[in-house]
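# Coordinate inspection notes
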Amino acid sequence: MRFLFLGDIVGKPGYSAVRTELPTIRAKLNLDAVVVNAENAADGSGLTPRQYRRLLESGVDVITMGDHVYRQKDLIETLKTSDQIVKPANFPKNSPGRSWSIVETPAGRIAVISLLGRLYMRPVDCLFNAVDQALSEIGDQADAILVDIHAEATGDKQLIGRYLDGRVTAVIGTHTHVPTADSQILPGGTAFQCDVGMCGPYESILGRSISRVLESSTSFVPDTFYVATKDVRLSGAIVEADQQGRAITIERFEKKINS
Ligand SMILES: [Fe+2]
Ligand SMILES: [Fe+2]
């Protein structure tokens, strides 16, 4: 199985680029599945139900979110009823949404789990317990398993990577919007990368207009941060897995859309 995982879709530039480019990318790279993190698609915060539907139409199989999962209230119904979008599995029991998802691909079934880190983020449940629970529920229903570790700290990400090594196909990070150069196959056969970066405008501060963020951060006067527009890139990783669900390769993926 060969799948692409794309990092946080940021605003209209990221969303439009995924919509336009994905059908070609999917065919050209011979992908069996595409998973995207879309937590910043709706103008930088959350995802709308319409965007959710459109992303699936463009060739996305499963959507992960993160700390912005409930920013668009309309999405809550979709989170409750759809089986192609997941909430972080270590959110409280009462939080709306599924903790894992499994979809059919031409090369078998892929399961997707999202986890939130605990360092410099709002307090959430233990990610180790949550992923153990999700994996026991998934059992042998999946041929490959992808875990999106949505966290600030590289340490959090490496910990969960090592914890899951040999038990899942890939542990791939999102949330910082900056790609890291550490893609690797861990000794047990799990593909790992601390962060794949975002699908959005790179001439920015994490996707937002530089001048606004700079002005507000240096003056302490709060302001609205707009999504930036320049240097749009799609960023992700392509993982190839064997029949046992072990990763064979992980390659960084980047496509420049405009300058
Ligand atoms: Fe994000
Ligand atoms: Fe995030």
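In this report, we go over the structure that sits alongside the text. (Residues numbered from 1 in each chain as written. Chains lettered and ligands numbered in written order. Predicted model: local features only at pLDDT ≥ 70, side-chain atom pairs only at ≥ 80, totals over all residues. Heavy atoms only, no water.)

## Topic: the overall build of the chain
Threshold: Helix and strand assignments follow DSSP, with helices taken as H or I runs no shorter than four residues and strands as E runs no shorter than two, numbered in order from the N terminus. For a compact globule the rule gives 2.2 Å times the number of residues to the power 0.38, and the radius of gyration it is set against comes from C-alpha atoms. Each residue's exposure class comes from its accessible area (1.4 Å probe, protein chains only) as a fraction of the maximum for that residue type: buried when under 20%, exposed when over 50%, partly exposed otherwise. Contacts were defined at the residue level, with two residues in contact if any of their heavy atoms lie within 4.5 Å. In short, Shrake-Rupley with a 1.4 Å probe defines the accessible areas, and a residue's cover is counted only from the protein chains shown. All tallies of charge rest on Lys and Arg as positive and Asp and Glu as negative; His and the ends of each chain are not included. Note on charges: their place is set at NZ of Lys, CZ of Arg, CG of Asp or CD of Glu.
For the chain, the count of helices and strands is six helices and 13 strands. Computed over its C-alpha atoms, the radius of gyration of the chain comes to 17 Å, within 12% of the 18 Å expected for a compact globule of 259 residues. Viewed in the frame of its principal axes, the chain has a C-alpha envelope of about 50 × 40 × 35 Å. When each of the 259 residues of the chain is scored for burial, the buried share is 57%. Across the chain, contacts joining residues at least 24 apart in sequence account for 64% of those joining residues at least 6 apart. Accessible area of the chain: about 11,400 Å², with a carbon and sulfur share of 48%. Each charge class in the chain was averaged separately, 28 positive and 31 negative side chains, and the resulting centres sit 4 Å apart.

## With respect to the coordination of the iron ion (ligand 1)
Selection criterion: Counted as donors are the N, O and S atoms within 2.8 Å of the metal, or 3.2 Å for Na, K and Ca, while water is not among the atoms, so some sites may look incomplete. By the criteria applied here, four donors are tetrahedral when all angles lie between 85 and 135 degrees, four are square planar and six octahedral when opposite donors are over 155 degrees apart and every other angle lies between 65 and 115, and any other arrangement is irregular.
Protein coordination at the iron ion (ligand 1): the donors are Asp 8 (OD), Glu 39 (OE), Asn 40 (OD1) and His 177 (NE2), at 2.1 to 2.2 Å from the metal. Note that the iron ion (ligand 1) binds four donor atoms; their angles at the metal cover 88 to 171 degrees, and the shape is irregular. We note that the donor set of the iron ion (ligand 1) lies within a single chain, spaced as D-x30-E-N-x136-H. In this structure, the iron ion (ligand 1) lies 3.4 Å away from the iron ion (ligand 2), the two metals sharing Glu 39 as a donor. Remark: Asn 40 occurs in the loop between strand E2 (33-37) and helix H2 (49-57) and Asp 8 occurs in the loop between strand E1 (2-6) and helix H1 (11-28); sequence separation between them is 32 residues. Asn 40 matches Asp 8 in its accessibility class, with the two residues each being buried.

## Considerations on the environment of His 175
Here is the rule: Definition of a polar contact: a pair of N or O atoms within 3.5 Å, with one able to donate and the other able to accept a hydrogen when the atoms are protein atoms, and with sequence-neighbouring residues admitted only if both atoms are side-chain atoms.
Looking at the element boundaries, His 175 is found in the loop between strand E8 (170-174) and strand E9 (184-185). For the pair His 175 and Gly 66, spaced 109 residues apart in the sequence, the C-alpha separation amounts to 7.5 Å. In this structure, His 175 is in contact with Asp 8, Glu 39, Asp 67, Met 121, His 150, Ala 151, Glu 152 and Asp 195, ignoring residues within four places of it in sequence. Polar contacts involving the side chain of His 175 include one to the side chain of Asp 67, which spans 3.3 Å. A distance of 2.8 Å separates a polar atom in the side chain of His 175 from a polar atom in the side chain of Glu 152.

## So, the pattern of salt bridges
Put simply, the test is: Salt bridge, as used here: a side-chain nitrogen of Lys or Arg that lies within 4 Å of a carboxyl oxygen of Asp or Glu.
Using the criterion set out here, one finds 13 salt bridges in the structure. We note a salt bridge from Asp 143 to Arg 109, for which the minimum N-O separation is 3.8 Å. Within this pair, whereas Asp 143 is found in the loop between helix H4 (127-138) and strand E7 (144-150), its partner Arg 109 is found in strand E6 (residues 108-116), the two being separated by 34 residues in sequence. Classification of Asp 143 by relative accessible area gives partly exposed; the value is 31%. Its relative accessible area of 32% is what places Arg 109 among the partly exposed residues.

## Thoughts on the nonpolar core
Counted only if it meets this: Among buried residues, those of type Ala, Val, Leu, Ile, Met, Phe, Trp, Tyr and Cys that are joined through side-chain atoms within 4.5 Å constitute a nonpolar core.
With 32 residues, the main nonpolar core has Leu 4, Ile 9, Leu 47, Leu 55 and Ile 63 as its most contacted residues. Secondary structure elements with two or more residues in this core: E1, H1, E2, H2, helix H3 (75-81) and strand E12 (232-241). If you tally residues by element for this core, the top one is H1, at five residues. When neighbours within four sequence positions are excluded, Leu 47 is seen to be in contact with Ala 38, Ala 41, Ala 42, Tyr 52, Leu 55, Ile 63, Met 65, Gln 72, Leu 75 and Ile 85. Among the nonpolar cores identified, the runner-up in size contains 23 residues, and Ala 111, Ile 145, Leu 164 and Val 171 belong to it.

## Some details on the packing of H1 against H2
To keep it simple, the criterion reads: Every axis in this analysis is a line fitted to C-alpha atoms, fitted for helices over the stretch in contact. Angles between the N-to-C directions lie between 0 and 180 degrees. Any angle that is under 35 degrees is reported as roughly parallel, and any over 145 degrees as roughly antiparallel; angles of 65 to 115 degrees are reported as roughly perpendicular and all others as oblique. The crossing is said to be left-handed when, going from far helix to near helix, the turn is anticlockwise and less than a right angle, and right-handed when the turn is clockwise. Three residue categories are used. Nonpolar comprises Ala, Val, Leu, Ile, Met, Phe, Trp, Tyr, Cys and Pro, charged comprises Asp, Glu, Lys and Arg, and polar comprises the others, including Gly.
Close contact between H1 and H2 brings their axes to 9 Å; oriented N to C, the two are set at 30 degrees. Classed by the angle they form, the pair H1 and H2 counts as roughly parallel. H1 and H2 meet at a crossing whose hand is left-handed. Residues Tyr 15, Val 18 and Arg 19 of H1 touch H2, and the partners they reach there are Arg 50, Gln 51, Arg 54, Leu 55 and Glu 57. Looking at the contact of H1 with H2 residue by residue, the classes come out as three nonpolar, one polar and four charged.

## A word on unusual backbone geometry
The residue Asp 43 is not glycine, and still its phi comes out positive at about 55 degrees. Mapped onto the fold, Asp 43 is located in the loop between E2 and H2.

## Looking at the side chain of Asp 231
Relative to the assigned elements, Asp 231 resides in the loop between helix H6 (210-219) and E12. If sequence neighbours within four positions are ignored, Asp 231 has contacts with Gly 200, Pro 201, Tyr 202, Glu 203, Lys 256, Asn 258 and Ser 259.

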